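What follows is each chain in one-letter form.
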Amino acid sequence: MIALKDRYIVITNNSIFKDREDTIYIEGDFIDVLKSVRDYMHKGYLAISHPLPASIRMILSPVRSVIMVDNYSDQELYNKTLEIVESSIISYTNTMGIRKPDYKNIEDYKIIDKNLLYSSFDELHKEKKLVSQLLKEVEI
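Analysis parameters
- Residue positions are given per chain, counting from 1 as you read along its sequence in written order.
- Totals for whole chains, interfaces and linings use every residue, but because this is a predicted model, local features are given only for residues with pLDDT of at least 70 and side-chain atom pairs only at 80 or more, for both listing and counting.
- Side-chain numbers come from the whole structure's heavy atoms, not from hydrogens or water.
- Runs of H or I in DSSP of at least four residues are treated as helices and runs of E of at least two as strands, each being numbered from the N terminus.
- Three labels apply to residues, based on accessible area from a 1.4 Å probe with only protein chains included: buried if under 20% of the type maximum, exposed if over 50%, partly exposed otherwise in between.
- Whether two residues touch is decided by their heavy atoms; if any such pair falls within 4.5 Å, the residues are in contact.
- Here the accessible surface of atoms and residues is derived via Shrake-Rupley with a 1.4 Å probe, and residues count as covered only by protein chains that are part of the display.
- For this analysis, a salt bridge means a side-chain nitrogen from Lys or Arg found within 4 Å of a carboxyl oxygen belonging to Asp or Glu.
- Pairs of strands are assigned from DSSP output, requiring at least two bridges between the strands.
- All axes here are fitted lines through C-alpha atoms, helices being fitted over the stretch that makes contact, and every angle between N-to-C directions spans 0 to 180 degrees.
- For classification, angles of less than 35 degrees are called roughly parallel, those exceeding 145 degrees roughly antiparallel, those between 65 and 115 degrees roughly perpendicular, and all remaining angles oblique.
- Helix crossings are classified by the rotation of the near helix relative to the far one: an anticlockwise turn of less than a right angle makes the crossing left-handed, while a clockwise turn makes it right-handed.
- Note on residue classes: Ala, Val, Leu, Ile, Met, Phe, Trp, Tyr, Cys and Pro are nonpolar, Asp, Glu, Lys and Arg are charged, and everything else, Gly too, is polar.

J.: Explanation requested: the overall build of the chain in the structure shown.
T.: Along the chain, the regular secondary structure elements total three helices and four strands. The buried share of the chain, reckoned over its 140 residues, is 39%. Sequence-distant contacts, at least 24 apart, represent 71% of the contacts inside the chain between residues at least 6 apart. When the accessible surface of the chain is split by element, carbon and sulfur atoms take 53% of a total near 8,600 Å².

J.: It is not clear to me how the pattern of salt bridges should be interpreted in this structure. Could you clarify?
T.: Side chains bearing opposite charge may pair, as long as their charged atoms lie close to each other. Overall, the coordinates contain seven salt bridges when judged by the stated rule. In this structure, Arg20 and Asp22 form a salt bridge, with 3.0 Å as the shortest nitrogen-oxygen distance. What makes Arg20 partly exposed here is its relative accessible area of 40%. Note that Glu107 is salt-bridged to Lys110, the shortest N-O span being 3.3 Å. On the criterion of helical spacing, the pair formed by Glu107 and Lys110 is a turn pair, its members being three residues apart in helix α3 (residues 106–139).

J.: Even after reading the chapter, I still don't get the pairing of strand β1 (residues 8–12), so can you show me in this structure?
T.: It is a general feature of regular strands that their side chains alternate between the two faces of the sheet. In terms of burial, β1 is largely enclosed, as five of its five residues are buried. Alignment of β1 against strand β4 (residues 65–69), held across five bridges, turns out to be antiparallel. For Tyr8, the partnering residue across the bridge sits in β4 and is Val69. Sheet analysis places β1 next to strand β2 (residues 23–25), joined by three bridges and oriented parallel. The residue bridging Ile11 from the neighbouring strand is Ile24, located in β2.

J.: Got a minute to help me understand the packing of helix α1 (residues 30–42) against helix α2 (residues 75–96) in this structure?
T.: Geometry of a packed helix pair, given as the angle between the helix axes and the separation of the axes. Where α1 contacts α2, the two axes come as close as 10 Å, and the packing angle between them is 160 degrees. Judged by the inter-axis angle, α1 sits roughly antiparallel to α2. Considering only the axes of α1 and α2, their crossing is left-handed. Between α1 and α2, the residues in contact are Phe30, Ile31, Leu34, Lys35, Val37, Arg38, Met41 and His42 and Tyr78, Thr81, Leu82, Val85, Glu86, Ser88, Ile89, Tyr92 and Thr93, respectively. For the contact of α1 with α2, the residue count by class is 10 nonpolar, four polar and three charged.

Everything listed here is a matter of coordinates, which is why it stays silent on function.
Next comes the structure, spelled out in structure tokens:
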């Protein structure tokens, strides 16, 4: 389980987030972000947002941001997440094949990526508030 006070980082190649303190900025493409997520998992971080987008059109995006946490205690969750990250690298490579990322619309993709990232943090915050509320109710 992810604790209420965990520290989050974002691994991204989206230049909108380049100078943020909580960001690991990757000079590279989507695949480089996926590989960095895998590498940070081997350093003890856990990916808590999915490394691949939900739509096939977004896979053409040259930018990607993934939320990770540096504190977790569930080894089974870690193993499953690492498997998802590794299979995402393979799926991305297979899906792209000879296709190229859509650099023509990169500024639009940066905004979409930013909005998706903020939405993920909003959902994470809501989940933490719910857990916090449930813990308070149990104490009563």
